[in-house]
Amino acid sequence: MSLDGMLPLVTALPDHLAGSERLLDGLSPRPAPAAPRRVLLCGMGGSAIAGDVARPFLARQGVDLTVWREYDLPSWADASALVVLCSYSGDTEETLTGARLAVAAGCPVLGIASGGELLARGRDGGWGRPFPVIALPAGLPPRAALGHGLGALLGGLHACGAIGSPAAASAAAVAVLREGVARLGPDVPENPAVRIARSLLGRFTVVYTTSPEAHGAGARLKAQINENAKSPAYAVALPELDHNDIVGWEVLRPRRDAFALVILRGGDEHPRTALRVAATLDLVGGEFHAVHEIGARGDGPLARSLSLVQFGDYLSCYMARAAGVDPVPVARIDALKARLRGGTAP
Ligand code: F6R
């Protein structure tokens, strides 16, 4: 068992993103020139997160992206909306159900997968018509393919005219991520991600996020702590959490040692939310064993969101290492999928 099998993949995030332009070479059929203003991204787990991370960047380009983690489609998904189907394995049943419905509803459709039924049916038209599928490199844990999947998403949206070229934003993000490897990577002494990982170890991690650039990274950190560190976590967003979460700690106060708080701060915080962070911490900071704030770095929403993602990815691997657990396998997810495959297929 290699306890560090995930770390090289976290370190490869900037390379994966930088190399993702090539994924669109030879794509056939080419995505329809739809120039949609509304995009629905269907996906689950590690494959959906590319949509969450891309959202603030796309919003700046006038594109409203909805990330959809359900079997069915929303009622507004019709021929005027682009549906992006993201499943790294290409076999996730919720995403495949949405895919069939989107094809049947006549939506312009774009797939992103490394294989599986999604790639096969896109190519052979077995669901009624062929559709373009951007093929990702195979053989990775789905959550470690974020750089490929995100690059494919942005490149695919550009190819169908939804956004201008993402090249400059991607290059800025790659540069920030490379700095991040030098600051947070496995061989770095005085590593802030290692230090925070030690204080989260053995505790339930609560993630507060302050703005759209941080919300996707919060969902990612929650999932990475679950899947890599095999530990519990949840993520909630400001300003909403000020209307419920802050009240929810009183009864557990005697057990404060079991909880730690991580605050992810985007560069796009509303000034009132910045005020809320201090006021919120005055109220609930004492309910946690430790409170850590992580600020986004870099220029532009894509770079800043990804800088937070990268911090959390390293953090979750250092938690796994400190706990002596292998970050790569997700046996319960595999077992659940196998059990459902044995039942009635959708
Ligand atoms: C595993 C992981 C999971 C999967 C999810 C959906 O590394 O991250 O969250 O991403 O079970 O599977 P895919 O991505 O194959 O559609």
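Since this is a predicted model, take the numbers as computed values, not measurements.

(A) Region of the structure containing the packing of helix 6 (residues 146-159) against helix 11 (residues 301-323). With their axes 13 Å apart at the nearest point, helix 6 and helix 11 run at an angle of 160° to one another. Judged by the angle between their axes, helix 6 and helix 11 are roughly antiparallel. Crossing of helix 6 over helix 11 shows right-handed handedness. Residues L146, L150 and L154 of helix 6 form the contact with helix 11, whose participating residues are L302, L306 and V309. A breakdown of the residues in the contact of helix 6 with helix 11 according to their chemical character gives six nonpolar, no polar and no charged.

(B) Seen up close, the environment of N226. Summarising the element assignment, N226 is placed in helix 9 (residues 212-227). Exposure remark for N226: the relative accessible area of 24% places this residue in the partly exposed category. The spacing of N226 and S316 is 90 residues in sequence and 8.4 Å in space, taken between C-alpha atoms. Leave out the neighbours within four places in its chain, and N226 touches S231, P232 and A233. Of the polar contacts made by the side chain of N226, one reaches the backbone oxygen of S231; its length is 2.9 Å.

(C) Up close: helix 4 (residues 93-104). The end-to-end C-alpha separation of helix 4 is 17 Å, in line with the 16 Å expected for twelve residues at 1.5 Å each. Buried residues of helix 4: E93, T95, L96, T97, G98, A99, A102 and V103, and no others. The elements touched by buried residues of helix 4 are strand 1 (38-42), strand 3 (82-86), strand 4 (109-113), helix 5 (116-124) and helix 12 (331-342). Just past helix 4, the residue G106 takes up positive phi, approximately 80°.

(D) Highlighting the site of the ligand. With respect to spatial proximity, 14 residues lie near the ligand, and among them S47, S87, S89, T92 and R143 are the closest. Y88 places a polar main-chain atom, nitrogen or oxygen, 3.5 Å from an oxygen atom of the ligand. The contact in question runs from an oxygen atom of the ligand to an N or O atom on the backbone of P142, over 3.3 Å. Its atoms largely coinciding with the cavity grid, the ligand occupies the largest pocket. Elements represented by at least two residues in the shell around the ligand include exactly helix 3 (45-60) and helix 12. Element by element, the count of residues in the shell around the ligand is highest for helix 3, at three residues. In the shell around the ligand, the residues fall into five nonpolar, six polar and three charged.

(E) Local environment of the sheet that holds strand 7 (residues 233-237). Pairing is parallel across the open sheet formed by four strands, whose spatial order is 7-6-8-9. Both outer strands of the open sheet, strand 7 and strand 9 (290-295), are each paired with one neighbouring strand and no more. Direction aside, neighbouring strands of the sheet carry axes that sit 20° apart on average. Pairing geometry for strand 6 (residues 204-209) and strand 7, over five bridges, is parallel. Within strand 7, the position partnered with V206 by the bridge is Y234. Here helix 9 sits on the sheet in contact with strand 6, strand 7 and strand 8 (259-265), set at roughly 170° to strand 7. Strand contacts of helix 10 (residues 271-284): strand 6, strand 8 and strand 9, with the helix running at about 175° to strand 8, the strand carrying the most contacts.

Conventions used here
Residues numbered from 1 in each chain as written. Predicted model: local features only at pLDDT ≥ 70, side-chain atom pairs only at ≥ 80, totals over all residues. Heavy atoms only, no water. Axes fitted to C-alpha atoms, helices over the stretch in contact; angles between N-to-C directions. Helix = DSSP H or I, 4+ residues; strand = E, 2+ residues; numbered from the N terminus. Parallel < 35°, antiparallel > 145°, perpendicular 65-115°, else oblique. Left-handed = near helix turned anticlockwise from the far one by under 90°. Contact = heavy atoms within 4.5 Å. Nonpolar A, V, L, I, M, F, W, Y, C, P; charged D, E, K, R; others polar. Buried < 20%, exposed > 50% of the residue type's maximum accessible area, 1.4 Å probe, protein only. Polar contact = N/O pair within 3.5 Å; in protein donor to acceptor, adjacent residues only side chain to side chain. Expected span 1.5 Å × (residues − 1). Near = heavy atom within 4 Å. 1 Å grid on protein atoms, 1.4 Å probe; cavity = no way out; pocket = protein on both sides within 12 Å on 5 of 7 lines; lining within 4 Å. Sits in = over half its atoms within 2 Å of the grid points. Pairing = 2+ DSSP bridges.

By themselves, these figures tell us nothing about what the structure is for.
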